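This is what each chain is made of:
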Amino acid sequence: MKALLCKALGPARDLVLEEVASPVPKKNEILLDVHAAGVNFPDTLIIEGKYQFKPPLPFSPGAEAAGVVAAVGEKAGAFKVGDRVMALTGWGAFAEQVAVPFYNVLPIPAGMDFTTAAAFGMTYGTSMHALTQRGQLKAGETLLVLGASGGVGLAAVEIGKALGARVIAAASSAEKLAIAKAAGADELVDYSQASLKDEIKRLTGGQGVDVIYDPVGGELFDQAVRGLAWNGRLLVVGFASGTIPQLPVNLALLKGAAVVGVFWGAFAQRQPEDNAANFRQLFAWHAEGKLKPLVSQTYALAEGGAAIERLAQRQAAGKLVVTVQR
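- As recorded in an unreviewed UniProt entry, the protein chain goes by NADPH:quinone oxidoreductase family protein and comes from Pseudomonas soli.

### Examining the packing of aromatic side chains
Working step 1: Taken as a whole, this structure holds seven aromatic pairs when the rule is applied.
Working step 2: The interplanar angle of 50° and the centroid separation of 6.4 Å between the aromatic rings of Phe-120 and Phe-279 together place this pair among those described as tilted. Of this pair, Phe-120 sits in the loop between helix H2 (114-118) and helix H3 (121-134) while Phe-279 is found in helix H10 (residues 272-287), placing the two residues 159 residues apart along the sequence. Just as Phe-120 is buried, Phe-279 falls in that class too.
Working step 3: Where Trp-264 meets Phe-279, the ring centres are 6.2 Å apart and the plane angle is 50°; that geometry is what we call tilted. Taken together, the residues Trp-264 in helix H9 (residues 264-270) and Phe-279 in helix H10 connect sequence positions 15 residues apart. Here Trp-264 matches Phe-279 in class, with each residue buried.
Working step 4: Here the aromatic cluster, defined as three or more aromatic residues joined through ring pairs, consists of Phe-120, Tyr-124, Trp-264, Phe-279 and Phe-283.

### A short note on a nonpolar patch on the surface
Working step 1: A cluster of nonpolar side chains, Phe-53, Trp-91 and Phe-263, forms an exposed patch at the surface whose accessible area comes to about 290 Å².
Working step 2: Given a relative accessible area of 39%, Phe-263 falls into the partly exposed group.

### With respect to the nonpolar core
Working step 1: Of all hydrophobic cores here, the largest spans 48 residues; its most connected members are Phe-120, Leu-131, Leu-143, Tyr-213, Leu-235 and Leu-282.
Working step 2: The residues touching Leu-143, leaving out its near neighbours within four places in the chain, are Leu-131, Leu-137, Ala-156, Gly-160, Ala-165, Arg-166, Val-167, Ile-168, Val-211 and Tyr-213.
Working step 3: By size, the runner-up hydrophobic cluster in this structure holds 33 residues, among which are Leu-4, Leu-32, Val-69 and Val-322.

Each value, and the rule that gives it
- For every chain, the first residue of its written sequence is number 1, and the numbers climb from 1 along that sequence.
- Selection of residues for local features in this predicted model requires a pLDDT of at least 70, selection of side-chain atom pairs for listing and counting requires 80 or more, and totals for whole chains, interfaces and linings are taken over all residues.
- Note that water and hydrogens are dropped before the side-chain values are worked out from all heavy atoms of the structure.
- Classification of ring pairs uses Phe, Tyr and Trp, with its six-membered ring standing for Trp, and accepts pairs whose centres are within 6.5 Å; under 30 degrees between planes counts as stacked, over 60 as edge-to-face, and the remaining range as tilted.
- Each helix corresponds to a stretch of at least 4 residues labelled H or I by DSSP, and each strand to a stretch of at least 2 residues labelled E; elements are numbered beginning at the N terminus.
- The buried label goes to any residue with under 20% of its type's maximum accessible area, the exposed label to any with over 50%, and the partly exposed label to all in between, with areas taken from a 1.4 Å probe on protein chains only.
- Residues with no salt bridge and a relative accessible area higher than 30% make up the patches, which join like charges within 9 Å and nonpolar side chains (Val, Leu, Ile, Met, Phe, Trp, Tyr) within 5 Å.
- The accessible surface values rely on the Shrake-Rupley method and a 1.4 Å probe; as for residues, cover is taken only from the protein chains in view.
- Just to be clear on terms, a salt bridge is a Lys or Arg side-chain nitrogen sitting within 4 Å of an Asp or Glu carboxyl oxygen.
- Buried Ala, Val, Leu, Ile, Met, Phe, Trp, Tyr and Cys residues form a nonpolar core when they are joined through side-chain atoms within 4.5 Å.
- Whether two residues are in contact is decided by their heavy atoms, any of which lying within 4.5 Å being enough.

Here you go:
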């Protein structure tokens, strides 16, 4: 099979497409014929050895995939050859085939194509877990989403609206905010043109926001935490800015606020029944038209490095997807 390989830790332009042996599924795994693979922020880190997981070299990046079951291990649950599925792989999805533990695999709902399915799992899974289990977002509350035009940001905007919240979308350009507006955002903040802290104050009448969804970190975290309402919750989702901020804990004390970590991958492993319930609701919302994943561009397998580079430069709205021709 063909696979896009990371043979030495470094930039995405060093990835190479080569012929390798097909994986052999273990007893608890399925072998997936990959049709599409989502591009996610962890892909930009794992190839440089900066992610919390460090697979042995050589390896293929790609943390999620969608395709058709090609083979089934004897203890791989109820899946059968020919099933259309989406899978959380961690790495390995930028290849024609990947072996995945059955508990990281979900059936693709009717009406969802492979490209959409490859763009769905990590972004919507992360944002659903963040806003429900971690943020306890309630109807009528105000949600601020930073990086609102990115994959997880757009998913948070849509899920926030589906949960009945008032959603303030924040991004770094008018073009990105137009995408968040189309996804349902009620208010927009261009933090390249105005102070985020001042805009939060203006849009909430000085009360602050109930929940902040932050996949960006850096200076925006510092401004956002000052805009929390009493009993507010700030969700730490990631650090796309490249800077991990430090929290002045006196602000959490004065606001009765909580700063809450979000690690969806570990949640999915430790609480599989809760994760499955989340996806039942997400699939229902998708069927109702409340969730409309935005795939802004697709790339051939050989172009996967270019897709990762574009994501690392924070140029992409929505999701980028690598497709495998069959």
